[in-house]
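A structural walkthrough
Each chain, written out:
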2 protein chains.
Amino acid sequence: MVDVDISGAEAFFTKAGPDYADAAQAHRTLTDATGEGAEYTGWLQLPQKIKENELHQILNAAQKIRSRSGALVVIGIGGSYLGAKGAVELLQPVPGKGNPKIFFVGNGLSVDYINQVLDEVRDTDFDVNVISKSGTTLEPAVAFRIFRSLLKEKYGANARKHIIATTDASRGVLRTLASEENWESFVIPDDVGGRYSVLSAVGLLPMAVAGIDIKAVLGGAIEEFSSLDSRSPSNPAWKYAATRQHLYRQGRTIEFLASYEPSFRYMAEWWKQLFGESEGKGGIGIFPAYVEYSADLHSMGQYIQDGPRVLMETVVEFAASQTRLSVPFEMGNPDRLNYLAGWDMDDICKTAAKAVRNAHISGNVPNLRITVPQRNEEGLGALFAFFELSCAISAYMSGVNPFNQPGVEAYKRNMFRMLGKPFEPTGSRR
Amino acid sequence: MVDVDISGAEAFFTKAGPDYADAAQAHRTLTDATGEGAEYTGWLQLPQKIKENELHQILNAAQKIRSRSGALVVIGIGGSYLGAKGAVELLQPVPGKGNPKIFFVGNGLSVDYINQVLDEVRDTDFDVNVISKSGTTLEPAVAFRIFRSLLKEKYGANARKHIIATTDASRGVLRTLASEENWESFVIPDDVGGRYSVLSAVGLLPMAVAGIDIKAVLGGAIEEFSSLDSRSPSNPAWKYAATRQHLYRQGRTIEFLASYEPSFRYMAEWWKQLFGESEGKGGIGIFPAYVEYSADLHSMGQYIQDGPRVLMETVVEFAASQTRLSVPFEMGNPDRLNYLAGWDMDDICKTAAKAVRNAHISGNVPNLRITVPQRNEEGLGALFAFFELSCAISAYMSGVNPFNQPGVEAYKRNMFRMLGKPFEPTGSRR
C-alpha cells in the first residue's frame, strides 16, 4: 500500500499545521456524496463493482487482439488515454513477445505524428480502440476517421471486426455508430469523469492488450481504496491532501512531483491532469509540474535549490527495484570509483535520494515522500486509487468542485467556430 | 530564421512596455564580455569557429559508428545529453535504415532503466560516447564503468576502439583515462558551460551518429546568430527576453512553453534546463514548464484558462509540417465530420492553434509565439541559437549570472558524503 511521509515538510508548518479534521470532513463529503459534483463520484466504486461479465469481455477482447494483431491504436484525448499510457510506460511490457505495440493517437493535431503511426501500422495487422464519451471531440474524431479509412482499405467488410468503441452507454454519435456498425463496445459510466476513468474499460482494455495483468491492477486499487477508507488518524490520503493545502496557503504555489524512474513520466502526466484539472479553477490551484531525478537535478535542480521559494516537492519512490545490478570492481581504480565497487545500484539510488531530500529541505523546499512497495501491477493500482482519492479530498478542502472543467470549453468553442462546424442542438461533451 | 510575435501579450503590458534598451544593453554586455560569467561565452562563436579538422573528425567518427554498429550509448547528464536528445527526438531519424539506435544513459540512477539498455545492446554491436567535463560526476561515471565492462566482455582488447570520450582538453579523470587507454576523444571547450554546449562535439557527435546532417544544423545556427547580431530594433531575441522579463515583473511567475508537435518534448527539456538553470538563482527566476498541445488542453488546459493568473504562454510553431494528410470524405457522414472533409490536417492544426491562442488571451494569459520555418536541421540549429542568446540576455536583464549554477552542488556534496567518497584535493565539476 501507498505510504506518505511528511516529516520533510514539518519544518515549514505553522503552529496549527495541516488540518486533518478538514481533510476528514472532505473525505466524508466525498463518500456521502453531499458535495459539489457528487454525481461524478462513481470512480470510488469502479474496481469493486466491475461486473464479472464486463471483466470477462475486456479480457476476451484483449486476448483476441493479442493473438491476431501486432499493434493496437488507442484513440482518445485527456482522461481517455493518459492513464493507460502512464500504465504502459510504467510497467513496460516488452512489445514483440506476444505483446502488441500500443500507439496513442487522437490526442493532438500533429499531421507528422499521425503519418508516422500510419506508417508503423500499415503493414501489420492492427486493431483500433476509440475512446470518447460523445464521439464529437475534434482530435479523436478526426483520427478515428483516418484510421477507420485505413482499416477499410486493409480489411474491407471485415474492418468492423477491428474496431472497439469505449463510449457512453446510450447517447452520442459514437454510441449510435457502434450500434449501427455492430462494433464491439464498452461503456464509460455516466458517474465517472474522464480524468477519474482509468480503472474502467477506458484504461483497462488498452492495459490488458499491452500485456498488463489488469486483475492485479484492480486488486491493488481495491486494497488501497479500502485501506484509505478505514479513516485512521494517519490516513495517507489525508496526510497528502492536508499537507499540500497547508503549504499552498503559505505561498507554495508550485508542486513538482519527482521520480527516480524514467518510466514514471507519463504517470506524472496523468497526475498533472488529475490535479491540475480538478483544482485549477476560480483563480486558485497548485501548479503541477514534473521532474525526473537524478537527470533533472542537472536541469531544474538549480531553480529548486536557489530560485524563488514557492515550491513544494513530492517524491514518488518504489521501495525496491525490479532488477539488480552492482557496480563492478576495476583493477587499478582508473576512474576512482572503487569506493562504490560491489554496491547495489538501487542502494546508490536510494542513498542519492536521501541526499537530495536533505539538500532540498536545507534549501527551504518542503519535501513529501510517497512510497509504493513495488513497480508492478498492484503498485500501479494502488497509486491510481491513492492519487484519485487524495485529489478529490484536496480539491474539496480548497473549496472547489473536483469534477468539473469549465475552462476546457473555451478553446473548443473558438475552434469549432473557426473550423466552420455546423450548428448542432446538443453540445459537445468529452 | 526564428520569428517572435508578441502581439498576444501587448494587452498585458504597462504603459512603459518591455524595456528594449535594457535588452540591447544586456546583449552588448554579453558580446563585449563585460558581464558576470563572461569567461563562459564561447558558445556565441561555436558554430562559426568550429575547426574544419574537428568537424571532419566528428563526421568520420560518426560514419565509422554508423557503418559498424546498431546502437550508440551516450553517457552524460544535464547539458551533456539534453541537446542531443532533444535534436534526435525532434528530427526523428528512423532507426534501422542505416541509423543506429541512440540510447541516453548515465543521466539517472534507475537500475531498471540501465538493465533495460544493457539488454537492448548486449546482442548488437555498439559504441559508447561518454561526455563529462571532469569524469567524476556520479551518474555518468557509474554508467560508464558498467558499459565499459560490457564492452570488455564483448570485444576484449578491442573494447577501447568502441569508446569515444568528449571531455576537458587537458584536465580531469576522464581526459587522463582517454590518453592512457588511447580512446578517440573530443574536447569540451573551457569557455562553454554544459547547458550551452549542444553545438560543440558534445551535441554534434551523437546527432551525426543518429543520422542528422550536422552541417545543416551549424548552418542554421550561424545564420540565426548573425541575424540576431545585426541588432535591428525588432531583434527577436530582444523581443522574447524583454517581453518575458516585463511580464515576470507583473507577477507572471510561470512560463510554459507549448508545442503542437509531440516530437518537441525533449527540446522543451533542453529549454527548461537552459532557462531554469540560467535564471533560477538568488531567490528569483521564471519557473519553466512544458505543455504539449492539443493533448494538454485536456489536461493543463483547465488550469491555464481558469487557475491563478500567474502564467505566460510561449508557443513554438513550425510554419509547415513535413508531411501532408487530408481528412477523408465519408458517404452518409456517419460521424458528422464531413464539414472537415478535404481539409489539410496541418490547416486544422494551425486553425486550432489560433483558436487556443484567442481563448487563452481572453482568459487573461499573455501569449508569445515563436515561429520556425521548418522542423528540419536548419530550424533546429536556429532554435538552439535563438534560445541560447535570448536566455543569456534575459538572465542579464534580471541581474543574475547566466552561466553559473551554485545550487547544483548542494545535493552532490551530500551524496558523495553519504556514499563515502574518499576526499580528493580537486573538487568535482561537470
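Being a predicted model, the structure only gives us computed values, none of them experimental.

1. As for the overall build of chain A
Along chain A, the regular secondary structure elements total 15 helices and 10 strands. Scaling as 2.2 N^0.38, a compact globule of 430 residues should have a C-alpha radius of gyration of about 22 Å, and chain A matches this with 23 Å. Counting only C-alpha atoms and orienting by the principal axes, one finds that chain A spans roughly 65 × 60 × 45 Å. When each of the 430 residues of chain A is scored for burial, the buried share is 64%. Taking all contacts inside chain A whose residues are at least 6 apart in sequence as the whole, residues at least 24 apart take part in 81%. As presented, chain A carries roughly 14,400 Å² of accessible surface, and 49% of it is formed by carbon and sulfur atoms.

2. Things to note about the sheet that holds strand E2 (residues 71-75) of chain B
All names here are of chain B. The strand order E3-E2-E4-E5-E6 describes an open sheet built from 5 strands, whose pairing is parallel. Two strands close off the open sheet at either side, each with one partner strand: strand E3 (101-105) and strand E6 (184-187). Strand-to-strand, the axes of this sheet are offset by a mean angle of 20°, without reference to chain direction. Across the sheet, helix H3 (residues 52-68) lies against E2, strand E4 (126-131), strand E5 (163-167) and E6, angled at about 140° from E6, the strand it touches most. In this fold helix H5 (residues 111-122) packs onto E2, E3 and E4, with an angle of close to 155° to the strand it touches most, E3.

3. Remarks on the nonpolar core
If you look at the biggest cluster of nonpolar residues, it comprises 130 residues, and the most contacted ones within it are Leu 138, Phe 147 and Phe 287 of chain A together with Leu 138, Phe 147 and Phe 287 of chain B. Dropping the residues within four chain positions of it, Phe 287 of chain A is found in contact with Thr 253, Ile 254 and Glu 255 of chain A together with Ile 254, Phe 287, Ala 289, Met 300, Tyr 303 and Leu 311 of chain B.

4. A look at the packing of aromatic side chains
Residues and elements named next belong to chain A. On inspection of all chains with the given rule, the structure shows 39 aromatic pairs over all chains. Through pairs of rings, three or more aromatic residues link up here, namely Tyr 240, Trp 270, Trp 271, Phe 275, Phe 384, Phe 386 and Phe 387. Here the guanidinium or amino end of Arg 148 rests over the ring plane of Phe 144, the centre of that ring lying 4.5 Å away. The side chain of Arg 244 reaches across the aromatic face of Tyr 240, ending 5.5 Å from its centre.

5. Considering the interface of chain A and chain B
Reports often express the size of an interface as the amount of accessible area lost when the parts come together. If you look at the interface, chain A gives 114 residues, while chain B gives 114 residues. Joining chain A to chain B, the criterion identifies 14 salt bridges. Between Glu 330 of chain A and Arg 148 of chain B there is a salt bridge, and its shortest N-O distance comes to 2.7 Å. Secondary structure elements with two or more residues in the side of chain A that touches chain B: helix H5 (111-122), helix H6 (138-155), helix H7 (173-181), helix H11 (265-279), strand E8 (287-292), helix H12 (301-306), helix H13 (345-362) and helix H15 (409-418) of chain A. In terms of residue count, the dominant contributor to the side of chain A that touches chain B is H13 of chain A (11 residues).

6. Quick notes on the pattern of salt bridges
Inspection of every chain in the model, using the stated rule, returns 54 salt bridges over all chains. Here Glu 317 of chain A ties to Arg 369 of chain A by a salt bridge, and the two come within 3.3 Å at their closest N and O atoms. Of this pair, Glu 317 of chain A sits in strand E9 (residues 311-320) while Arg 369 of chain A sits in strand E10 (residues 367-374), and the two are 52 residues apart along the sequence. Residue Glu 255 of chain B pairs with Arg 244 of chain B through a salt bridge whose shortest N-O separation is 2.8 Å. Residue Glu 255 of chain B is found in strand E7 (residues 254-259), and its partner Arg 244 of chain B is found in helix H10 (residues 236-249); the two are separated by 11 residues along the sequence. We note that Glu 255 of chain B, like Arg 244 of chain B, is buried. A single network of salt bridges, built from pairs that share partners, joins Arg 145, Arg 148 and Lys 152 of chain A together with Glu 330 and Asp 335 of chain B.

7. Some remarks on the relation of the copies chain A and chain B
When chain A is fitted to chain B, the residual RMSD is 0.0 Å, and the transformation amounts to a turn of 180° plus an axial shift of 0.0 Å. The symmetry that links the two subunits is that of a two-fold axis. Rotation axis and chain A: the residue whose C-alpha lies nearest the axis is Ala 289 of chain A, separated from it by 3.5 Å. Most of the interface of chain A is mirrored in chain B: 100% of its interface residues are interface residues there too.

8. Some thoughts on the environment of Arg 249 of chain A
For Arg 249 of chain A, the location among the structural elements is in helix H10 (residues 236-249). Note: C-alpha distance between Arg 249 of chain A and Ile 286 of chain A (37 residues apart in sequence) is 9.9 Å.

9. Structural notes on the confidence of the model for chain A
Here chain A shows a mean pLDDT of 95. Residues at 70 or above account for 98%. Among the prediction metrics, the complex's ipTM stands at 0.95, with pTM recorded as 0.97.

10. Let's talk about helix H13 (residues 345-362) of chain B
Residues and elements named next belong to chain B. Here H13 spans 26 Å end to end across 18 residues, near enough to the 26 Å set by a 1.5 Å rise per residue. Those residues of H13 not exposed but buried are Met 345, Asp 346, Ile 348, Cys 349, Thr 351, Ala 352, Ala 353, Ala 355, Val 356, Arg 357, Ala 359 and His 360. Sitting at the head of H13, Asp 344 places a side-chain oxygen 2.8 Å from the backbone nitrogen of Asp 346. Once H13 finishes, Asn 364 follows within two positions and takes phi at roughly 75°, a positive value.

Conventions adopted
- Residues numbered from 1 in each chain as written.
- Chains lettered and ligands numbered in written order.
- Predicted model: local features only at pLDDT ≥ 70, side-chain atom pairs only at ≥ 80, totals over all residues.
- Heavy atoms only, no water.
- Helix = DSSP H or I, 4+ residues; strand = E, 2+ residues; numbered from the N terminus.
- Rg over C-alpha atoms; globule rule 2.2 N^0.38 Å.
- Buried < 20%, exposed > 50% of the residue type's maximum accessible area, 1.4 Å probe, protein only.
- Contact = heavy atoms within 4.5 Å.
- Areas by Shrake-Rupley, 256 points an atom, 1.4 Å probe, with all protein chains shown as cover.
- Pairing = 2+ DSSP bridges.
- Axes fitted to C-alpha atoms, helices over the stretch in contact; angles between N-to-C directions.
- Core = buried A, V, L, I, M, F, W, Y, C linked by side-chain atoms within 4.5 Å.
- Phe/Tyr/Trp six-rings, centres within 6.5 Å; stacked < 30°, edge-to-face > 60°.
- Lys NZ or Arg CZ within 6 Å of the ring centre and 35° of its normal.
- Salt bridge = Lys/Arg side-chain N within 4 Å of Asp/Glu carboxyl O.
- Least-squares fit on C-alpha atoms with pLDDT ≥ 70 in both.
- pLDDT = per-residue confidence, 0-100.
- Expected span 1.5 Å × (residues − 1).
- Polar contact = N/O pair within 3.5 Å; in protein donor to acceptor, adjacent residues only side chain to side chain.

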